[in-house]
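# Notes for the structure review
One-letter residues, chain by chain:
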Amino acid sequence: MSVAAPLARREEGRDVMPYIVGAVCVVLALIFLVYPIAYSMLGAFLRKGEEFSFAALTLTHFERFLASPSYQRAFWNSIMAGGLSTLLATALALPMAYAIARVAIPFRALILSLSIVPLISPPFIGAYAWIILLGNNGVISQILRSHLGVDLPSIYGPFGVVVALALSYFPYIFLIVQGALAASDPYVEEAARIMGASRLRILRTITFPVILPSIAAGMLIVFIKAVGDFGVPSILGGEFQVLPTLIYYQIHGFYNLNGAAAIAMVNVLLTVIALGLLHSVNRSRRYATITGVARAARQSRGLGARVAANLCCWTILIVAILPQATIVFSSFAEKWAGTLLPTIYGFEHYRRVFGNLTQPIVNSLILSGAATAVCVVFGTVTAYAAMRGKIRARWALDLTIMLPFVLPGLVIGVAYLTAFNSGWLVLTGTGTIIVLAYFTRRVAFIFRSVTAAVGQVDGKLEEASTICGASWVQTMRRVTIPLIAPGILAGGILVFATLVGEVSATVLLYSAGWKTISIAIYELVLGDELFKASAVGTIAIVMTAALVLVASRLAGRNMADMFR
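The following refers to the structure shown. Within each chain, residues carry numbers counting from 1 in the order of the written sequence. The predicted origin of the model limits local features to residues at a pLDDT of at least 70 and limits the giving and counting of side-chain atom pairs to 80 or more, whereas totals for whole chains, interfaces and linings rest on all residues. Water and hydrogen atoms were dropped before computing side-chain values, which therefore reflect all heavy atoms in the structure.

### Structural notes on the side chain of N363
Under the scheme used here, helices are H or I runs from DSSP no shorter than 4 residues and strands are E runs no shorter than 2 residues, and both carry numbers assigned from the N terminus. Topologically, N363 is positioned in helix α17 (residues 358-388). Whenever two N or O atoms come within 3.5 Å, that pair is a polar contact, provided that in protein one can donate a hydrogen and the other can accept it, and provided that, for residues adjacent in sequence, both atoms are side-chain atoms. Within the structure, N363 has its side chain in polar contact with the backbone oxygen of G513 (distance 3.4 Å). The residues touching N363, leaving out its near neighbours within four places in the chain, are G513, W514 and K515. For this analysis, residues touch if any pair of their heavy atoms sits within 4.5 Å.

### Observations regarding the packing of aromatic side chains
Aromatic ring pairs are defined here through the distance separating the ring centres and the angle between the ring planes. Each Phe, Tyr or Trp ring, with Trp reduced to its six-membered ring, pairs with another whose centre is within 6.5 Å; inter-plane angles below 30 degrees give stacked pairs, above 60 give edge-to-face pairs, and intermediate values give tilted ones. In the structure shown here, the tally under the stated rule is 17 aromatic pairs. Taking the centre distance of 5.1 Å and the plane angle of 80° together, the rings of F75 and W76 count as edge-to-face. Residues F378 and F439 carry aromatic rings whose centres are separated by 5.3 Å and whose planes lie at 90° to one another, so their mutual orientation is edge-to-face. One end of the pair, F378, is in helix α17; the other, F439, is in helix α20 (residues 431-455), and 61 residues separate them in sequence. By the burial criterion, F378 is buried, and F439 matches it. The rings of F32, Y35, Y39, Y416, F420 and W424 are connected pair by pair, giving a single aromatic cluster. Accessibility here uses a 1.4 Å probe with only protein chains present; expressed as a share of the type maximum, an area under 20% marks a residue as buried, one over 50% as exposed, and anything in between as partly exposed.

### Side note on the side chain of S40
Within the secondary structure, S40 is located in helix α2 (residues 17-43). At a separation of 2.9 Å, a polar atom in the side chain of S40 contacts the main-chain carbonyl oxygen of I37. Excluding residues within four positions of it along the chain, S40 makes contact with A261, V414, A415 and T418.

### Topic: the environment of P95
Here P95 lies in helix α4 (residues 69-102). In sequence terms P95 and A309 are 214 residues apart; their C-alpha atoms lie 8.3 Å from each other. When sequence neighbours within four positions are dropped, the list of residues in contact with P95 reads T90 and C312.

### Let's talk about empty space enclosed by the protein
Over the atoms rolls a probe the size of a water molecule, and in doing so it shows where empty space is left. Using a grid of 1 Å spacing that covers the protein atoms alone, one calls a set of points a cavity when a 1.4 Å probe fits there but cannot get out, and a pocket when the set is open and has protein on both sides within 12 Å along at least five of seven lines; lining residues are those with an atom within 4 Å of a point. Grid points are joined across faces, edges and corners, and a volume is the space filled by probe spheres set on the points. Scanning the model with the defined rule gives two cavities of 30 Å³ or more in all. Taken as a whole, the largest cavity encloses approximately 50 Å³ of empty space. In terms of lining residues, the largest cavity is bounded by P118, P123, G126, A127, W130, A164, L167, S168, A320, P323 and Q324. Mapped by element, the contributors of at least two residues to the lining of the largest cavity are α7 (123-134), α9 (158-183) and α15 (303-330). For the lining of the largest cavity, the leading source of residues is α7, giving four residues. Each residue gets one of three labels, nonpolar for Ala, Val, Leu, Ile, Met, Phe, Trp, Tyr, Cys and Pro, charged for Asp, Glu, Lys and Arg, and polar for the others, Gly among them. By residue class, the composition of the lining of the largest cavity is eight nonpolar, three polar and no charged. Taken as a whole, the second largest cavity encloses approximately 40 Å³ of empty space. Lining the second largest cavity we find S78, A81, V161, L165, A226, V227, D229, P233, V242 and P244. Going through the elements one at a time, α4, α9 and α11 (199-227) are the ones with two or more residues in the lining of the second largest cavity. Of the residues belonging to the lining of the second largest cavity, the class tally is eight nonpolar, one polar and one charged.

Dropping the structure here:
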């Protein structure tokens, strides 16, 4: 009787709150996720300054890709830079992944944790570090020139862009492939070894085919990231222009939002093609080894294998994190001109930063914090609805949230600048437009994290709360949220950490009053104030690394697993 009475009351008055919250989320998704992208795509078919009408639709901006040599060069340069950096990243990642997964080497957890340093550090920070190392008067350039008589290719241009992109994004391939290698069942390989197959033949005929989908998936992720990167080509590209830099110059040089939207669509097309290939690869992941007992893959303990694996892993890792180490080191250099190492060290750059550049740091914290809060609320509700609600078109919700996440940041910047520059809602020049762009780009982190957390909570607990008379809001507040709180908190910290150094969307949307830490670094680099930029970059790196470490501890996972 005590249970039946609350149940009867629940049936008499249906709880409308979940429907209200769901409706609000749908409206927000349509306005701030779907509308900007759709509006910018429509603007790509209009001439600059023209209002929409069917008669005004044109392919003029797209025809420039056929008529303009600069557009064609940018298009092919993007494909070349993305392709070559992906190949180089693969060449670095595969031997390192095999060494970590199949050889018993010490400090494995440390290597995995350090491997994400290039991911949590914005790529453009590493880009200007290579100027300090491999520029005309760079440290490495001087050593090779004076001791070996070797002159390296100029760091400006395709060489520098490809190297910087590959070293920034190779951990994606490394983390995916080493996970696949570590999880693969070893029985088939052991059977082949018993039958007399050599290690090379086992690797070629068994191991490699099994992990091929993982390799392809990692390569496509790197390609998507590389073709959408703005920071590295803008700093190291010189005259080597790619689609993201072409978009930037269309807006900052001519304020041609329609032309920029057309270029962004071409960039999106490359991303969509890569996503299609990635989907095809994921569908083809049908390799499996069926055995009675599952256990971890066998690890080699031979001295030669362990020496080679250590040498491989630490060499690649040191080269990969050398840019970040260089940024930290050079931030303490007060006098460094014409000599191999600084002659005077100190904290002068940090004093100047905290004296003159405090506002960009505060702005980054405010904007990233506000965007993280919006992501947490929206991402939690939509993830819960996707897992517990009766949504027939769940794929549409998933696509709406995930597509902006994989699109280049500059594309999102163009979308917001085009959609909210005039008309019924004007946000240009405000901090709100940056917060919303950040939300669009990073809500997927919360959505995925909370989806996994909700999937681990038995729905019967919520049903019991409802039967006992609790409303939907009370059930969420007292039962669901406390149970999934670690997943929400970990995802939120990861969102905040990755937004602190965000530059691609910010560079189009910021105003003088809302300059962020990433824009401050970018302007210092363009002004050739590299050591002051290093001080700001060090602050950004330390903040991001500390936040990711906290998120991994809350989630109970290795830092590397947060990016897998």
